[in-house]
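# Structural features, examined
This is what each chain is made of:
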Amino acid sequence: MVRTEKKISQQEADQQTSFMEMVRKRNDAFFAKTGRHKKFYSLAMGCQMNAHDSEKLEGMLTRMGYEMTQEEMEADLIIYNTCCVRENAELKVYGKLGALKAYKRTHPDVLICLCGCMMQQETVLETLRSKYRHVDIVFGTFNLYKFPELLETRLECGETIYDIWQEHGEIVEDLPQIRHFHHKASVNIMFGCNNFCSYCIVPYVRGRERSRLPEDIVAEVQCLANDGVKEIMLLGQNVNSYGKTLEQPISFAKLLEMVHEVEGIERIRFMSSHPKDLSDELIETMARLPKVCKNLHLPVQSGSSSLLDKMNRHYTKEDYLHLVEKIRSAMPEITLSTDIMVGFPGETEEDFQETLDVVKKARYSTAFTFIYSKRTGTPAAVMENQVPEGVVKDRFSRLLETLDAVIYQENERFIGKTLPVLAEEVSKHDASILTGRTESNLLVHFQGDQGLIGQTVPVRLMENKTYYVLGKRVE
Ligand code: SAH
Ligand code: SF4
Ligand code: F3S
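Values in this document were obtained by computation on a predicted structure and should not be read as measured data. (Residues numbered from 1 in each chain as written. Chains lettered and ligands numbered in written order. Predicted model: local features only at pLDDT ≥ 70, side-chain atom pairs only at ≥ 80, totals over all residues. Heavy atoms only, no water.)

### Some details on the pattern of salt bridges
The tally for this structure, following the rule as stated, stands at 34 salt bridges. Across the salt bridge formed by glutamate 231 and arginine 269, the nearest N and O atoms sit 2.9 Å from each other. Placement of glutamate 231 in strand E10 (residues 231–235) and of arginine 269 in strand E11 (residues 267–271) is noted, with a sequence separation of 38 residues between them. Measuring nitrogen to oxygen at the nearest pair gives 2.6 Å for the salt bridge that ties aspartate 357 to lysine 317. Taken together, the positions of aspartate 357 in helix H12 (residues 349–362) and lysine 317 in helix H11 (residues 317–330) put the pair 40 residues apart, joining distant regions of the chain. Residue aspartate 357 is classed as partly exposed on the basis of its relative accessible area, which comes to 22%. Look at the salt bridges and you will find they share partners, linking Glu347, Glu349, Asp394, Arg395 and Arg398 into a network. (Salt bridge = Lys/Arg side-chain N within 4 Å of Asp/Glu carboxyl O. Helix = DSSP H or I, 4+ residues; strand = E, 2+ residues; numbered from the N terminus. Buried < 20%, exposed > 50% of the residue type's maximum accessible area, 1.4 Å probe, protein only.)

### A look at the packing of aromatic side chains
Geometrically, a pair of aromatic rings is defined through the distance of the ring centres and the angle of the planes. Evaluated as defined, the whole model comprises eight aromatic pairs. Note on tyrosine 199 and phenylalanine 344: the rings are 6.3 Å apart at their centroids and 85° apart in plane angle, and the pair reads as edge-to-face. Separated by 145 residues along the polypeptide, tyrosine 199 in the loop between strand E8 (190–191) and helix H6 (202–206) and phenylalanine 344 in the loop between strand E13 (335–342) and H12 bring together distant segments of the chain. Here the two residues tyrosine 199 and phenylalanine 344 agree in accessibility, since each one is buried. Judged by centre distance (4.9 Å) and plane angle (75°), the rings of phenylalanine 252 and phenylalanine 270 are edge-to-face. Of this pair, phenylalanine 252 sits in helix H8 (residues 252–260) while phenylalanine 270 is found in strand E11, placing the two residues 18 residues apart along the sequence. Considered together, phenylalanine 252 and phenylalanine 270 belong to a single accessibility category, that of buried residues. Following the ring pairs from residue to residue traces out a cluster consisting of Tyr199, Phe344 and Tyr372. (Phe/Tyr/Trp six-rings, centres within 6.5 Å; stacked < 30°, edge-to-face > 60°.)

### Things to note about the site of ligand 1
Taken together, 15 residues are adjacent to ligand 1, and Gln237, Pro299, Gln301, Asp339 and Ser373 come closest. The backbone of tyrosine 199 places a nitrogen or oxygen atom 3.0 Å from a nitrogen atom of ligand 1. The side chain of glutamine 237 places a nitrogen or oxygen atom 2.7 Å from a nitrogen atom of ligand 1. Here ligand 1 loses 90% of its free accessible area of 550 Å² to cover by the protein chains. Elements that contribute at least two residues to the shell around ligand 1 include exactly E13 and strand E14 (366–371). For the shell around ligand 1, the per-class residue count stands at seven nonpolar, four polar and four charged. Two domains each put at least three residues into the shell around ligand 1: domain 2 (181–293) and domain 3 (306–413). (Near = heavy atom within 4 Å. Polar contact = N/O pair within 3.5 Å; in protein donor to acceptor, adjacent residues only side chain to side chain. Areas by Shrake-Rupley, 256 points an atom, 1.4 Å probe, with all protein chains shown as cover. Nonpolar A, V, L, I, M, F, W, Y, C, P; charged D, E, K, R; others polar. Domains from an automatic or database assignment.)

### What to know about the site of ligand 2
Looking at ligand 2, the residues that line it are Cys193, Asn195, Phe196, Cys197, Tyr199, Cys200, Val202, Pro203, Gln237, His274 and Arg313. Per-class residue counts for the shell around ligand 2 are seven nonpolar, three polar and one charged.

### So, the packing of H11 against H12
Contact geometry for H11 and H12: axes closest at 11 Å, N-to-C directions at 10°. Comparing the axis directions of H11 and H12 gives the class roughly parallel. Every residue of H12 that contacts H11 at Lys317, Tyr320, Leu321, Val324 and Arg328 is listed here: Glu354, Asp357, Val358, Lys361 and Ala362. Residues of the contact of H11 with H12, tallied by class, amount to five nonpolar, no polar and five charged. (Axes fitted to C-alpha atoms, helices over the stretch in contact; angles between N-to-C directions. Parallel < 35°, antiparallel > 145°, perpendicular 65-115°, else oblique. Contact = heavy atoms within 4.5 Å.)

### Considering the sheet that holds strand E17 (residues 443–447)
Ordered by their spatial adjacency, five strands build a closed barrel running E15-E16-E17-E19-E18, and the pairing between neighbours is mixed. Put simply, the sheet's adjacent strands are angled 50° from each other on average, direction ignored. (Pairing = 2+ DSSP bridges.)

### With respect to the nonpolar core
Counting 71 residues, the largest nonpolar core has Leu234, Phe252, Phe270 and Tyr320 as its most contacted members. With six residues, helix H13 (residues 389–412) is the single largest residue contributor to this core. Mapped onto the domain boundaries, this core takes at least three residues apiece from domain 2 (181–293) and domain 3 (306–413). Not counting residues up to four positions away in its chain, the partners in contact with phenylalanine 270 are Met233, Leu234, Val239, Phe252, Leu256, Leu282, Met286, Val292 and Leu296. (Core = buried A, V, L, I, M, F, W, Y, C linked by side-chain atoms within 4.5 Å.)

### Side note on the pairing of E10
The buried count for E10 comes to five of five residues, which makes it a mostly enclosed element. Neither face of E10 is left uncovered, since the one carrying Glu231, Met233 and Leu235 and the one carrying Ile232 and Leu234 both have all their residues buried. In the sheet, strand E7 (residues 184–188) pairs with E10 via five bridges, with the strands oriented parallel. Looking at the pairing, lysine 184 lines up with glutamate 231 of E10. Across five bridges, the pairing between E10 and E11 is parallel. By the bridge assignment, leucine 235 is partnered in E11 with methionine 271. Read from E10 through H8 to E11, the crossover connection turns out right-handed. (Right-handed = clockwise from strand over helix to strand, strands pointing away.)

Keep in mind that these numbers describe shape and distance, not what the molecule does.
Right, here's the structure in full:
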């Protein structure tokens, strides 16, 4: 069956391919004249989805004849993919833009491009238009695939370009991408979010939830496997509601089964899972399929049922802990990670104690911890009883203390075991050390040769360092 949606998407993709060729011609002419390839510097400032979007931008830039550089100051084109989930993320962007102001005066030919979530906010655009006029191209989350067209237009007309869409169009497939690792890759399975947790800006800047067709996802995974990729990370803001809005609805568990069939893929991971939508079918499927890593990211946010209600999370502390129990009894070897927030409006010491209690009972192996940040436009921003900064900081450090002890304990159960570790990179501190991960996502440092990168090798886990484990390769 040919879907009209797909036809439009194909037309769009073809159009962008011709814009890529136009920019490439310009760059080829530049190279013929100067003997130098133009360079780009790309910075992803947000979550895994943001990083994956940047891989696509980098793929397009490479196809347009630019070379990637890690040195911002030698780039002809600078592109920041922004995040706005917390205020700090936004302040960082303004800081970096401020620093580029003087630079642009002395280097007027350098193009500064901004995209991503932060650009979807009207107030941000107003600030950019009035205070940061040295920016050349601004676009948002819904029209990333149009970057070649925007770039060509900027190069042709020389004027600043703002192209922000308020809503998503169709999903455009087959964008080129650059992968940062040879052996692992991320694959979007869905975009947007419908959950509207009361503190969160993501649904406003990423739009409504929409899923890619399973056959498109499987085809991409197959291509990656053919290219030597062994580990796949399936990405979505809430993968557990994957497929519900498709013409022919399909569950996330079924998608996992399909991806599991792809030969060459050894490990399948996914994130994020909203606890309210995690089905028994998924637990059963995870437990049954050997390639699906026994590691689950299950954001809790808070342990207090009354705060969870105010956060619009649709589960209680008891629901969450019951879910954890179910998961652990189906997969005793599983490790859990989570997101936790402190300082949500109205959080009392008792609420916070509930959070510490969940941390101890759920026994996380990793946790991403955040201080609540007020996001204008979200329901929580106008809630009363914002918690004073000093109180929040104190809770935050007590949370970290509790987590450290729990994480250490969770790692202990692996010490002394020999487990397959997928070698990922050379350690930044010691060239003779490799870092890799177990199926359970435990970070392992071990002595090894660079040639092992991308291979899965048996490693005996020896010493628990809380955030990683020291191991020894078993020959
Ligand atoms: N869709 C994912 C989370 C995406 S945002 C999920 O629901 O699991 C990643 C994390 O950022 C969230 O889980 C939350 O812990 C944190 N976060 C979101 N909005 C925040 C805010 N306003 N202040 C502080 N942390 C926030
Ligand atoms: Fe934000 Fe909640 Fe959606 Fe996650 S599920 S992106 S926290 S609104
Ligand atoms: Fe991700 Fe930040 Fe956007 S967390 S979805 S890049 S607001």
